[in-house]
Amino acid sequence: MIIGFIGLGNMGAPMAANLATAGHDVIGFDVAGTSARGVQNVGNITDAVKDADAVITMLPNGAILRAVADDILPAMKKGAVHIDCSTVDVDSARAAGDAANKHGILSVDAPVSGGVGGAENGTLTFMAGGSADAFALAAPLFEIMGQKAVHCGDIGAGQSAKICNNMILGITMIGTCEAFALADKLGLDRQKMFDVVSTSSGYSWTMNAYCPAPGVGPTSPADNDYKPGFAAELMLKDLRLSQQAAQASDAATPMGQAATELYEQFVEQEDGMGRDFSAMLPRFEKLGRNG
Ligand code: NAD
């Protein structure tokens, strides 16, 4: 296949490189001039997409996705597929899908989980929204870049699944960290706390697989001085998207809102920027009931 790849950043570059390694012709464009192994770079966005059977975008946010969609969709071949793998708001994903329809282009929103490591190793999980025909065109590419792709429903369903998952993740991480901080104050040994909770009803991915306490449980960013991993500011981005969606759909998400406010404070007023999202634990360690 000829594949246009727009947005060769931390995630996009290794994803594009994996497609090239698998034998596809990958033509790349990034405003920053970045490239990737095996990818042919071009100087303008239209040249990256005009002959492509599939165009993948991996961009920072919904506003940029909308602008890029305006540029690429009129230039693409009819019947080609646009696959957006960025994490964006549900409305922008739907707007890009509607615009694609008008131009006779198939469209899939397919945000990922797995981070830069998953992008490099081709082990991402894709959560996809779009028609069955569009998903069928994208599926072989998901197989190269990832290990699992779930077709979640119509356009926007991928972003919906991603922000619901990450809202649970943010809330659960905070709950796990505050429980460790309480256990400390109660004089409970952290290893004993892990041994009990990881096999009791408080267990979770954040406790069992990504434990925020250094030296406890499997190796995690806590054991590497809280270097990300999954940075606190990316968690904040996803929590904000969850609250934007909750507002737009009139959903009650009080815990999601509280988690958003805590990560906002951590990233914007404290030392959370650039640290793993599990660094909430040292944050709570320092606090008493009244701050
Ligand atoms: P990044 O900032 O490293 O890459 C984004 C790239 O898009 C940059 O290279 C930038 O120059 C390029 N870009 C911006 N505007 C452009 C335009 N108009 N035309 C062409 N290129 C343009 O970000 P990233 O870490 O690669 O993340 C990309 C997306 O994936 C984001 O939506 C992010 O939320 C999501 N995501 C990231 C991770 C992660 O761990 N980094 C994990 C899951 C999902």
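Reading the values: rules and limits
Residues numbered from 1 in each chain as written. Predicted model: local features only at pLDDT ≥ 70, side-chain atom pairs only at ≥ 80, totals over all residues. Heavy atoms only, no water. Patch = residues over 30% accessible without salt bridge, like charges linked within 9 Å, V, L, I, M, F, W, Y side chains within 5 Å. Areas by Shrake-Rupley, 256 points an atom, 1.4 Å probe, with all protein chains shown as cover. Salt bridge = Lys/Arg side-chain N within 4 Å of Asp/Glu carboxyl O. Helix = DSSP H or I, 4+ residues; strand = E, 2+ residues; numbered from the N terminus. Buried < 20%, exposed > 50% of the residue type's maximum accessible area, 1.4 Å probe, protein only. Contact = heavy atoms within 4.5 Å. Phe/Tyr/Trp six-rings, centres within 6.5 Å; stacked < 30°, edge-to-face > 60°. Lys NZ or Arg CZ within 6 Å of the ring centre and 35° of its normal. Axes fitted to C-alpha atoms, helices over the stretch in contact; angles between N-to-C directions. Parallel < 35°, antiparallel > 145°, perpendicular 65-115°, else oblique. Left-handed = near helix turned anticlockwise from the far one by under 90°. Nonpolar A, V, L, I, M, F, W, Y, C, P; charged D, E, K, R; others polar.

## Topic: a nonpolar patch on the surface
Taken together, the side chains of L182, L186 and L188 define a hydrophobic patch exposed on the protein surface, amounting to about 310 Å² of accessible area. When you line up the elements, L186 lands in the loop between α7 (157-185) and α8 (190-197). For L186, a relative accessible area of 64% puts it in the exposed group.

## Some thoughts on the environment of P254
Relative to the helices and strands, P254 is located in helix α11 (residues 254-268). A sequence separation of eleven residues divides P254 from Q243, and the C-alpha atoms of the two residues are 9.6 Å apart.

## Observations concerning the side chain of N166
Among the structural elements, N166 can be located in helix α7. Relative accessible area serves as the criterion here: at 5%, N166 is assigned to the buried category. Among all residues touching N166, those that are not within four sequence positions of it are F230, M235, D238 and L239.

## Focus on the environment of V90
Along the chain, V90 turns up in helix α4 (residues 90-102). On the basis of relative accessibility, which here comes to 12%, the residue V90 falls in the buried class. Residues V90 and L241, 151 residues apart in the sequence, show an inter-C-alpha distance of 8.2 Å. In contact with V90, not counting residues within four places along its chain, are G156, Q159, S160 and I163.

## Re the packing of aromatic side chains
In the structure shown here, the tally under the stated rule is six aromatic pairs. Geometrically, the ring pair formed by W205 and Y210 is stacked, given 4.9 Å between the ring centres and 25° between the ring planes. Residue W205 is classed as partly exposed on the basis of its relative accessible area of 48%. When the centroid spacing of 6.5 Å and the interplanar angle of 65° are considered together, the rings of Y263 and F266 count as edge-to-face. Residue Y263 and its partner F266 are both found in helix α11; the two are separated by three residues, about one turn of the helix. Using a relative accessible area of 0% as the deciding quantity, one classes F266 as buried. Connected via pairs of aromatic rings, a cluster forms that spans W205, Y210, F230 and F277. Positioned over the ring face of F284 is R283, at 5.4 Å from the centre of the ring.

## Looking at the packing of α7 against helix α10 (residues 232-249)
In contact at an axis separation of 9 Å, α7 and α10 are set at 120° when each is read in the N-to-C sense. On the basis of the axis angle, α7 is oblique to α10. For the crossing formed where α7 meets α10, the hand is left-handed. For the pair α7 and α10, the contacting residues are K162, I163, N166, M167, L169 and G170 in the first and M235, D238, L239, L241, S242, Q243 and A245 in the second. The residue inventory of the contact of α7 with α10, partitioned by class, reads seven nonpolar, four polar and two charged.

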